[in-house]
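Listed here are the chains, written in short residue letters.
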2 protein chains.
Amino acid sequence: MGRGRVQLKRIENKINRQVTFSKRRSGLLKKAHEISVLCDAEVALMIFSTKGKLFEYATDSCMERILERYERYSYAERQLVATDLESQGSWTLEHAKLKVRLEVLQKNQRHFMGEDLDTLSLKELQNLEHQLETALKHIRSKKDKALQEQNNLLAKKIKQIEKEEEKEKEMEQAQRAQVEQENNDLNSSSVLSQPLHSLNISGMYQAAAGHEDNDETPLENQNNPVMPPWMVRHING
Amino acid sequence: MGRGRVQLKRIENKINRQVTFSKRRSGLLKKAHEISVLCDAEVALMIFSTKGKLFEYATDSCMERILERYERYSYAERQLVATDLESQGSWTLEHAKLKVRLEVLQKNQRHFMGEDLDTLSLKELQNLEHQLETALKHIRSKKDKALQEQNNLLAKKIKQIEKEEEKEKEMEQAQRAQVEQENNDLNSSSVLSQPLHSLNISGMYQAAAGHEDNDETPLENQNNPVMPPWMVRHING
DNA sequence: CCGTCTATATATAAGCG
DNA sequence: TCGCTTATATATAGACG
């Protein structure tokens, strides 16, 4: 993009290459961040320059977590590393044992992820299925608890906010009462029947606050007085 | 870019978010590749969708190598491990790396089994849940296929048995016919109207076969003519 | 989900300081 | 390396099949 077209091959001019690297690098990092935010995705990006300098981006600045997550997906490469080690000769018995355990775990991992199932018998499949069902129950229960906790926390916060508003309102009322009293003291004509300006202000404030919500809220959640469940989901982002 | 401007915030509309994710993802991967080629850089990119699916790019398709290179840069927690290792000499390094991996895998394993969930964030729990759901789908589909195969196999066997019975029957009939013929030859009284014993045998066999089933078979499976329902029961888990 | 189309928004090559 | 400008190449939002 730019004045001239660019072939997809190494830029031979060192200066140009460096400049392009610098520009494209920032563009790439920017876009990585954008997709992460816009689409609620988790992104990890590593760029090593020719000279070996590292530039990185990670959603929520937590590269480690993402890499661990990646490891759950990755196994093929790991297998290569394992055999790689093997070719270097088995150093010690313990080391070899470790490798065996690793392989077993990797295989299990794959099975837990629903991959590489061809080697399993019917019975094993059924056992695995049951295992996962049980695990899912635990996980869901845990998740529900976490959600409930957050929910309670938010409810408390909202109550507190409401209390403070209440307090403010009372104070304003008290002020008005005092002003009224003073007016009565000055002349005996009644002004009690006129609308109270401060009440209107308070009312407007609440209305405005109520409109900060997203317009696209799904119907099934609009009644929830505390937290839409689909929103709670993103609190920990 | 495009018809409308876009705020850098989560796209609330689920459809749009998905579409945008798809488009930007491919754009990002493309640009990662471009900078890698143009500027002779080494790039690793991982993108997890909201639903937990992984998309990745790595220069020369060698993610593992880049991750290892990354680890050399990353220090925080790893520094501790690294110095620990260095003091023990270089060959132990591989060994210790193996140990670290093992630990990670073990931890994952526990998570997959619904254990040790307290260390997980809400988001991670949700990712895990989705992961297991997907895995379960694969496993069930695999199991279904396995069952179907067995089913077909058994069906074939039964057909074969029936064929053999048929053959026997025919042979008996032929025999009887011959005996009759001989009887007729001896005296001219007819015995054609009497019931055929072989037919009864066949009927009894089928009835007995139908009763091998478990008595507690759920209703919905009692019609299955081939596969014992207690086995079929596990198809849908 | 994938591909196509179009109008627009962005990214960036080139050049200069 | 960095900023800035401009002309252009690309990316992509939105709509549709």
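Residues numbered from 1 in each chain as written. Chains lettered and ligands numbered in written order. Predicted model: local features only at pLDDT ≥ 70, side-chain atom pairs only at ≥ 80, totals over all residues. Heavy atoms only, no water.

Draft legend 1. Structural view of the interface of chain B and chain A. Contacts between chain B and chain A engage 92 residues on the former and 95 residues on the latter. Together, the buried faces of chain B and chain A total about 9300 Å²; carbon and sulfur atoms form 66% of this surface. Ranking the residues of chain B by area buried against chain A places B:Leu38, B:Phe48 and B:Tyr70 at the top, with a combined share of 9%. Viewed at the interface, chain A and chain B are joined by eleven salt bridges. Among the ionic pairs, B:Asp118 bridges to A:Lys142, the shortest N-O distance being 2.4 Å. Here chain B is connected to chain A by 22 residue pairs in polar contact (both at pLDDT 80 or more). Those elements that provide at least two residues to the side of chain B that touches chain A are α1 (14-38), β1 (42-48), β2 (54-58), α2 (63-73), α3 (76-86), α4 (91-112) and α5 (122-186) of chain B. The element best represented in the side of chain B that touches chain A is α5(B), accounting for 21 residues. Pairing analysis gives seven bridges linking strand β1 (residues 42-48) of chain A to β1(B), with the strands arranged antiparallel. (Contact = heavy atoms within 4.5 Å. Buried area = accessible area lost by both parts, 1.4 Å probe. Salt bridge = Lys/Arg side-chain N within 4 Å of Asp/Glu carboxyl O. Polar contact = N/O pair within 3.5 Å; in protein donor to acceptor, adjacent residues only side chain to side chain. Helix = DSSP H or I, 4+ residues; strand = E, 2+ residues; numbered from the N terminus. Pairing = 2+ DSSP bridges.)

Draft legend 2. The arrangement of the protein's contact with DNA strand D in detail. Near DNA strand D, the surroundings consist of 19 residues, among which A:Arg3, A:Gln18, B:Met1, B:Lys23 and B:Lys30 are the closest. Sugar plus phosphate, as a fraction of atoms of DNA strand D within 4 Å of the protein: 70%. At 3.1 Å from a sugar or linking oxygen of DNA strand D is found a main-chain nitrogen or oxygen belonging to A:Gly2. The side chain of A:Arg3 places a nitrogen or oxygen atom 2.4 Å from a base oxygen of DNA strand D. Mapped onto the surface near DNA strand D, the elements with two or more residues apiece are α1 (14-38) of chain A together with α1 of chain B. The element that contributes the greatest number of residues to the surface near DNA strand D is α1(B), accounting for six residues. When its residues are assigned to classes, the surface near DNA strand D shows three nonpolar, six polar and ten charged. (Near = heavy atom within 4 Å. Nonpolar A, V, L, I, M, F, W, Y, C, P; charged D, E, K, R; others polar.)

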